[in-house]
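# Chains, contacts and geometry: an overview
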Amino acid sequence: MQSKKLGWLLLSPTLFILGLFGIFPFIYVVWVSFHEWNPFAANPEKLFNWAENYRKVVFDAQFLASLGVTLAFVFFAVVSEVVIGYLLAQAFMKNFPGKSFFRTIHTLPLIMAPIIVGSIWKLMTTPSIGIIPNLLDTWFGIDLNIGQSALAAFSITVIMDIWHWTPLVTLSLIAALVSLPSDPFEQAQIDGANKRQVFWHITLPMIRPALIATVFIRLMDAMRTVDEVLMLTGGGPGSATRYVGVHIYKEVFPRTNYGYGSAISVIVLYLSIVICWLLYVSLIAPRNKKG
Amino acid sequence: MGNVQIKGVTKNYGGVRVMHGVDVDIEDGEFVVLVGPSGCGKSTLLRMIAGLEEISGGQISIGGRIVNDIPPKERDIAMVFQSYALYPHKTVAENMGFPLLMAKRPKAEIAEKVNRAAEILDLTKYLDRYPKQLSGGQRQRVAMGRAIVRDPQVFLFDEPLSNLDAKLRVTMRVEIKELHQRLKTTTVYVTHDQIEAMTMANKIVVMRDGRVEQIGRPLDLYDRPVNLFVAGFIGSPSMNFLQGKVATQGGKQVVLTEQGIALPLDGVQVEDGRAVTYGIRPEHITIGAGGIPVDVSVFEPTGSETLIFGRVGGVPIDALVRERIEEEPGKTMLFRIDPRKAHVFDQATGQRL
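For every chain, the first residue of the written sequence is number 1, and numbering continues from 1 onward in sequence order. Chains and ligands are labelled by the order in which they are written, letters from A for the one and numbers from 1 for the other. The predicted origin of the model limits local features to residues at a pLDDT of at least 70 and limits the giving and counting of side-chain atom pairs to 80 or more, whereas totals for whole chains, interfaces and linings rest on all residues.

Starting at the N terminus, helices and strands are each numbered in turn, a helix being any DSSP run of H or I of at least four residues and a strand any DSSP run of E of at least two. Regarding its fold elements, chain A presents twelve helices and two strands. Walking chain A from its N terminus toward its C terminus, one meets helices and strands in the order α-β-β-α-α-α-α-α-α-α-α-α-α-α. By the burial criterion, 31% of the 291 residues in chain A qualify as buried. Counting other C-beta atoms within 10 Å of its own, a residue is labelled buried from 20 upward, exposed at 12 or fewer, and partly exposed in the gap between, with every C-beta atom placed from the backbone.

Here's what the structure looks like:
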């Protein structure tokens, strides 16, 4: 009995913080999402309106468009990050002069706040003063204007995300690769596997758990990207980069549509869970059943 | 055919030479054991045969073909690692079929060869299991199965039994030997365990510090070790060594220790006065009148035999006898040495005289 009480006592600070900053806000958002609530409207009261917000979300063309570009953004960003991250991790497994210097440099983006990353990329991409449009123009005669071209804006947000988050993938894959035993790889050489076969048959299956965990983390993070994009493009031009995070922000803050914004948040959370569940079912579950 | 020739092979790590010109000739169908203490270079030599380790000088040929610059997968060898190196995400059948899959053999042929190997190794029931669901001995057999499905020219074993418990090690030792007698594939086997070497090999290569100390049939090594190192390494419990000088007493040559104990010699031609190391195996000592007096400290009865630890003039000497001895430790016993079984080595060079 005594030890049980002590256990709860020791857990209580964590539970308190989790409850205050995690569980309570979540329940509050769900509760708000069932209300019509705009504190700056004629009637600032919360009015319970059943699932009206959700009905609106499903038919909201702006939200659906935003969801579409978000999925495209997540797909291109995460796939590139995993591929580039893996190649970098493999490169860092080899010895070359200045390796630890490069490894340190390449992780620096990770420690930068997204808002800073957004500002820097905005500086670098602003037409006429940014270095990127400048060089593209000088070298290739390409006119890059993220304020006008939807494709350019979209591409730059993807590249910015890759720049910012690939080091995370690299680090976790380095950790996975370092911990692999060397014997199966030597065995595979003797068994006649070439480099490509070693990758598909040995390396990939053996780092699979780390790889999937990394993809999950990146996927969920990319789904809720707000600050970098808000800083860089503000969701534009038009709504080309109005990803769901940005969309929610714009609903909730400038327009103070708290109830509707909450409903979108809940829907996006639900979609993230569904996507992760689909990945889990297709990638992890079949192996667990066998193994 | 599956013969392996190693000629003047050297290996440098950075500026340090760790292998000093090794020559070994392995004939087709032979079971050769590389044995030696850890760090002697036996595993390195095996990995050089496999192609996992580059050679700095000399030449290795397999089946008459020089393989110095040929990658492992083209050397027509199969290797069993100490850790078994099974692919954890593949089933037993997939593990065993992997080399054939890489060689792009038809599915039916892979299945047939895997089934046959599984039958030989008694693994048929486990084909759908994953390595983590198998015991150590079963994993060991899967690793061997993966080697035999390929029907290579040479099998390479790198301390394959070290991770097994003592009883299983004996069983697997017999299994590997039976397998070799059945398949007659040239085998190179690395171990630090001289019992494994003695029991399994057609030919033993004793190595130390990157050099070959002696090559020979197991019993030849036991009967006529060329130097102190081989004498001490082969045989268990290991040989007793006593220092002394050759002298003639009563018309017979003996080795006289500092304490004036005369150790009998027979059939060795050495001039009087030479400083030698006298070697006698514990199993060549009997207890009885006419022996040398030994202060006995410990008895180790194993049932079938008794190991007696003692000291003569402060130098340890052990005897292994068939009788059961019920004596108090601390007594003096007479150790009778069979002079025909004694070995004499030069004290300075350690070479056999």
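With that out of the way, let us pick up the domain arrangement of chain B. Residue and element names in this part refer to chain B. Domain assignment breaks chain B into domain 1 (4–233) and domain 2 (240–346). Of note, the centres of domain 1 and domain 2, computed from C-alpha atoms alone, are 39 Å apart. Note on contacts: each residue gets a C-beta atom placed from the backbone, and two residues are in contact if those atoms are within 7 Å. Each partner contributes to the interface: domain 1 provides four residues, whereas domain 2 provides four residues. Three classes are used: nonpolar for Ala, Val, Leu, Ile, Met, Phe, Trp, Tyr, Cys and Pro, charged for Asp, Glu, Lys and Arg, and polar for all others, with Gly counted as polar. Broken down by class, the residue content of the side of domain 1 that touches domain 2 amounts to three nonpolar, one polar and no charged. Here the limits of each domain have been adopted from an automatic or database domain assignment.

With that out of the way, let us pick up the packing of helix α3 (residues 61–93) of chain A against helix α7 (residues 150–178) of chain A. All names here are of chain A. Interaxial angle, 0 to 180 degrees, is taken between N-to-C directions of lines fitted to C-alpha atoms, where a helix line uses only the stretch in contact. Interaxial distance between α3 and α7 falls to 6 Å at its minimum, and their mutual angle equals 40°. In terms of their interaxial angle, α3 and α7 are classed as oblique. For the crossing formed where α3 meets α7, the hand is right-handed. Roughly parallel means an angle under 35 degrees; roughly antiparallel, over 145; roughly perpendicular, 65 to 115; everything else is oblique. Note: crossing handedness is left-handed where the near helix turns anticlockwise from the far helix by less than a right angle, and right-handed where it turns clockwise.

All names here are of chain B. Counting buried positions over the nine residues of helix α1 (residues 42–50) gives seven, a clear majority of the element. What α1 keeps buried is the set K42, T44, L45, L46, M48, I49 and A50. Trailing α1 by a residue or two, G51 shows a phi angle of about 95°, which is positive.

Now for the nonpolar core. Joining buried Ala, Val, Leu, Ile, Met, Phe, Trp, Tyr and Cys residues through C-beta atoms within 7 Å gives a set, and that set is a nonpolar core. If you look at the biggest cluster of nonpolar residues, it comprises 145 residues, and the most contacted ones within it are B:V33, B:L34, B:I49, B:M79, B:A143, B:L156 and B:V188. The element best represented in this core is α7(A), accounting for twelve residues. Of the residues that make up this core, three or more belong to each of domain 1 (4–233) and domain 2 (240–346) of chain B. Residues contacting B:V33, with those up to four places away along its chain left out, are B:Y189, B:T191, B:A197, B:M200, B:A201 and B:I204.

Buried accessible area, meaning the area lost when the parts come together, often serves as the stated size of an interface. Facing the 17 residues of chain B at the interface are 15 residues of chain A. Only β6 (77–80) and α2 (92–102) of chain B provide two or more residues apiece to the side of chain B that touches chain A. Looking at the side of chain B that touches chain A residue by residue, the class counts come to 14 nonpolar, two polar and one charged.

On to helix α5 (residues 114–125) of chain A, then. Residue and element names in this part refer to chain A. For α5, with twelve residues, the first-to-last C-alpha span of 16 Å sits near the 16 Å given by 1.5 Å per residue. Considered for burial, the residues of α5 that qualify are V117, G118, W121 and T125. Seen from one end, α5 has its buried residues packed into an arc of 100°, which puts them on one side. Turning to α5, the residues buried within the fold contact α6 (131–140), α7 and α10 (227–232). Residue count minus one, scaled by 1.5 Å, sets the expected span of a helix. Relevant arc is that of directions from the helix axis to the C-beta atoms, nothing else.

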